[in-house]
Structures are given as structure tokens and as C-alpha cells.
Amino acid sequence: MAEVPSSVFSKDSEILVKQSWELLKKDTTTNAVIFFTNIFEIAPAAKDFFPFVKNSTVPYEQNAKLKQHATLVFKMTGDAAVQLGEKGALEALGPGLKKLATKHVTAGVVDAHFEVVKAGLLKTIKERLPELWSTELNQAWADAYDALAGAIKIEMHTQI
Ligand code: HEM
């Protein structure tokens, strides 16, 4: 399987991602719900992927299943992003990558959807860390996300 080049993820980016994740993970669930709220604002059609959102009228912050799912995804993204520099995307995502890719293939996720999630993530970081935010921080997370999404997409392509 092709490895995602880690060279695009600089040492400076690694430091910025680590610093900001330390703050973001202090309130993972709140940040995760904001992350998914942003995704659904950017692309309302994305709600259709998640039955617990599509078929619910409960506000997102009171929707237990959404909170659980958003927290899982947000935490995996951040926890993998901080390991990217040392391990590369494949190892950072861990041995569950194959299964994770299968879940996404089965759910009907395609490459274009990853851009929406990326936009939701970057918007969340800007909103939640206004004092730390900079174009460099934004780029660092964009690069980290691209490396992780790239590894998931490559694995998905081997299964389609
Ligand atoms: C499920 C992570 C991108 C849609 C999941 C799960 C994780 C995850 C950890 C839970 C898997 C489990 O239940 O064991 C990520 C990461 C992404 C990403 C780290 C990007 C770097 C996307 C995108 C979409 C998406 C772009 C498109 C809408 C879904 C759906 C599920 C899911 C629908 C539920 C699948 C199921 O349980 O049937 N994702 N995801 N994800 N993700 Fe993603």
C-alpha cells in the first residue's frame, strides 16, 4: 500500500498541531459537536449519512448518539494528527484503518466528502482557538488532515 508522504508535514506544523490539540482536547465533546455542526452547516446533505441526525429533531448538543460519534471522530483525528510527524499517517491511524475504511465505503462516503469534513474541522479550530489561530496553524491542520484523509482514501480505494 502506498504511504502518504510525511514530508509535507513540517516540524513547525507538528508543533502547532500539538500545541493546539492540547487545548482542543480539554473539551473534546463540545468541540466535537461544534465540528459536526459546522459540517452540517457547510453541507446539510451530509446529515443523510447519519441516521441519528437525519431522523432526529433534538438539538445536536442534546443528541447522545451524535455526541458519541462526533467525539470518536474528532478524537481520532486529533490523536492521529499529533502522531503524524513521528509515525506517518498509516501508523498514526493504527491497525483499525482497514475496518475504518470499510465502514466508510459501506456508508457510501467518496473522496469529495472529505473536503467538507476538512472545512468543518478548520472552521472549528478557528472558532474555538481565536487567540492561537493563525494562517500557519490553519495550514498545519489542513496538512495533517490531508495526510490522514489521504491514508483513509487510499485504503478505501483498495476496497472499492
Ligand atoms: C464513521 C473517522 C471522514 C462519514 C467513522 C468512525 C470514525 C471515523 C472513527 C467510527 C468508526 C466505528 O464506528 O468504528 C473519520 C476520520 C475522517 C472521516 C478520522 C477523516 C480524516 C469521514 C467523511 C465522511 C464520514 C469525509 C463523509 C460524510 C462517516 C460515517 C460513519 C463514519 C457515515 C459511520 C459509519 C458506520 O458506522 O456505519 N468515521 N471519518 N467520515 N464516518 Fe468517518
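Residues numbered from 1 in each chain as written. Predicted model: local features only at pLDDT ≥ 70, side-chain atom pairs only at ≥ 80, totals over all residues. Heavy atoms only, no water.

Undergrad: Please provide a residue-by-residue account of the coordination of the iron atom of the ligand, values included.
TA: There is one protein donor for the iron atom of the ligand, namely H104 (NE2), at 2.0 Å. Following the sequence through the fold, H104 ends up in helix 7 (residues 97–107). (Donors = N, O, S within 2.8 Å, 3.2 Å for Na, K, Ca; no water. Helix = DSSP H or I, 4+ residues; strand = E, 2+ residues; numbered from the N terminus.)

Undergrad: Before we move on, can you summarise the packing of aromatic side chains with the specific residues and values?
TA: Enumeration over the complete set of coordinates arrives at 10 aromatic pairs. Aromatic pair F50 and F52: ring centres 5.8 Å apart, planes at 50°, arrangement tilted. Relative accessible area serves as the criterion here: at 17%, F50 is assigned to the buried category. The structure contains a cluster of three or more aromatic residues connected by ring pairs, namely W21, F35, F36, F40, F49, F50, F52, Y60, F74 and W141. (Phe/Tyr/Trp six-rings, centres within 6.5 Å; stacked < 30°, edge-to-face > 60°. Buried < 20%, exposed > 50% of the residue type's maximum accessible area, 1.4 Å probe, protein only.)

Undergrad: I'd love a proper account of the pattern of salt bridges, names of residues and values included.
TA: Evaluation of the coordinates by the stated rule reveals 10 salt bridges. For K18, the salt bridge is made with E86, and the minimal N-O distance between the two is 2.6 Å. Residue K18 is found in helix 1 (residues 11–24), and its partner E86 is found in helix 5 (residues 84–87); the two are separated by 68 residues along the sequence. A single network of salt bridges, built from pairs that share partners, joins K11, E14, K18 and E86. (Salt bridge = Lys/Arg side-chain N within 4 Å of Asp/Glu carboxyl O.)

Undergrad: Go over the packing of helix 2 (residues 28–42) against helix 4 (residues 64–81) with me, naming the residues and quoting the values.
TA: A packed helix pair is summarised by two numbers, namely the angle formed by the two axes and the spacing between the axes. At their nearest, the axes of helix 2 and helix 4 sit 8 Å apart, and the two run at 95° to each other. Between helix 2 and helix 4, the crossing angle belongs to the class labelled roughly perpendicular. Facing helix 2, whose interface residues are T28, T29, N31, A32, V33, F35, F36 and F40, helix 4 presents L66, K67, H69, A70, T71, V73, F74 and K75. Partitioned by chemical class, the residues of the contact of helix 2 with helix 4 number nine nonpolar, five polar and two charged. (Axes fitted to C-alpha atoms, helices over the stretch in contact; angles between N-to-C directions. Parallel < 35°, antiparallel > 145°, perpendicular 65-115°, else oblique. Contact = heavy atoms within 4.5 Å. Nonpolar A, V, L, I, M, F, W, Y, C, P; charged D, E, K, R; others polar.)

Undergrad: Run through helix 4, naming residues and quoting values.
TA: Its 18 residues give helix 4 an end-to-end C-alpha distance of 25 Å, which sits within 8% of 26 Å, the value for a rise of 1.5 Å per residue. Among the residues making up helix 4, those that are buried are L66, A70, T71, F74, T77, G78, A80 and A81. (Expected span 1.5 Å × (residues − 1).)

Undergrad: Give a description of the packing of helix 7 against helix 9 (residues 135–159) that names residues and reports values.
TA: Running from amino to carboxyl end, helix 7 crosses helix 9 at an angle of 70°, the nearest separation of the two axes being 9 Å. Comparing the axis directions of helix 7 and helix 9 gives the class roughly perpendicular. In this structure, helix 7 uses L97, K98, L100, A101, T102, H104 and V105 to contact helix 9, whose residues at the interface are A151, I152, E155, M156 and Q159.

Undergrad: Explain the nonpolar core to me, and be specific about the residues and the numbers.
TA: One finds V17, F36, F40 and W141 to be the most contacted residues of the largest nonpolar core, which totals 44 residues. Among the elements of the structure, helix 1, helix 2, helix 4, helix 6 (89–93), helix 7, helix 8 (111–128) and helix 9 are those that each provide at least two residues to this core. The greatest single-element share of this core, amounting to 12 residues, is contributed by helix 9. Excluding residues that lie within four positions of it along the chain, F40 makes contacts with A46, K47, F50, V53, Y60 and L66. (Core = buried A, V, L, I, M, F, W, Y, C linked by side-chain atoms within 4.5 Å.)

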